[in-house]
Amino acid sequence: MPPRLRCGTPTGFGFNKIHAKHWTPTVDEDITATLTTPTSEYDQDPNTRVFLLNALPPCSGYRYRVVVSYLGYGSTGIKGIITAYQERIPASAMSPRCG
């Protein structure tokens, strides 16, 4: 079962946080693409996994980040998407071909 996007709160987690801080017209498509075909992923802590999708074209300098809680996020105990947003890729992580 894929992670669910909870309602959440404007400052805490979920849809309301994404809507208040990171909204774009393509947020649904960006989250879906990142979760289904991530460029990379890693465990942020024992409960939380981060999925990254480098933006296309590859030298755009941006990627999409989705943070998912599988076991319960902090005191809220939620399971699902905590946040999702576009971020600038650090220059050190860019391909040498992008110079």
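Reference entry: report on the structure contained in this document. Please read all numbers here as calculations on a predicted model, not as lab measurements. (Residues numbered from 1 in each chain as written. Predicted model: local features only at pLDDT ≥ 70, side-chain atom pairs only at ≥ 80, totals over all residues. Heavy atoms only, no water.)

1. A look at the pattern of salt bridges
- Under the criterion given, the structure shown has four salt bridges.
- Residues Arg-49 and Glu-41 are paired through a salt bridge, measuring 2.7 Å at the closest nitrogen-oxygen approach.
- Taking relative accessible area as the criterion, Glu-41 reaches 36% and is therefore assigned partly exposed.
- Here Arg-65 and Glu-87 are joined by a salt bridge, their closest N and O atoms 2.8 Å apart. Here Arg-65 is found in strand β3 (residues 62-73), whereas its partner Glu-87 is found in strand β4 (residues 78-88), with 22 residues between them in sequence. We note that Arg-65, like Glu-87, is buried. (Salt bridge = Lys/Arg side-chain N within 4 Å of Asp/Glu carboxyl O. Buried < 20%, exposed > 50% of the residue type's maximum accessible area, 1.4 Å probe, protein only. Helix = DSSP H or I, 4+ residues; strand = E, 2+ residues; numbered from the N terminus.)

2. Some remarks on the packing of aromatic side chains
- One pass over the structure, following the stated rule, counts one aromatic pair.
- Considering the side-chain rings of Phe-15 and Trp-23, the 5.7 Å spacing of their centres and the 80° angle between planes classify their relative orientation as edge-to-face. (Phe/Tyr/Trp six-rings, centres within 6.5 Å; stacked < 30°, edge-to-face > 60°.)

3. Side note on helix α2 (residues 27-36)
- For α2, the complete set of buried residues consists of Val-27, Ile-31 and Thr-34. Considered in projection along α2, the buried side chains sweep an arc of 70° and stay on one side of the axis. Among the exposed residues of α2, those oriented more than 90 degrees off its buried face are Asp-28 and Thr-36. (Arc of directions from axis to C-beta.)

4. Remarks on the side chain of Lys-17
- For Lys-17, the position within the fold is in helix α1 (residues 14-21).
- Leave out the neighbours within four places in its chain, and Lys-17 touches Thr-9, Pro-10, Gly-12, His-22, Ile-82 and Thr-83. (Contact = heavy atoms within 4.5 Å.)

5. Some remarks on the pairing of strand β1 (residues 40-45)
- As paired strands, β1 and strand β2 (residues 48-54) are joined by five bridges and run antiparallel to one another. The residue bridging Asp-43 from the neighbouring strand is Arg-49, located in β2. (Pairing = 2+ DSSP bridges.)

6. Structural notes on the environment of Val-68
- Looking at the element boundaries, Val-68 is found in strand β3.
- The class for Val-68 is buried, based on a relative accessible area of 1%.
- The sequence separation of Val-68 and Ala-84 amounts to 16 residues, and the corresponding C-alpha distance is 8.9 Å.

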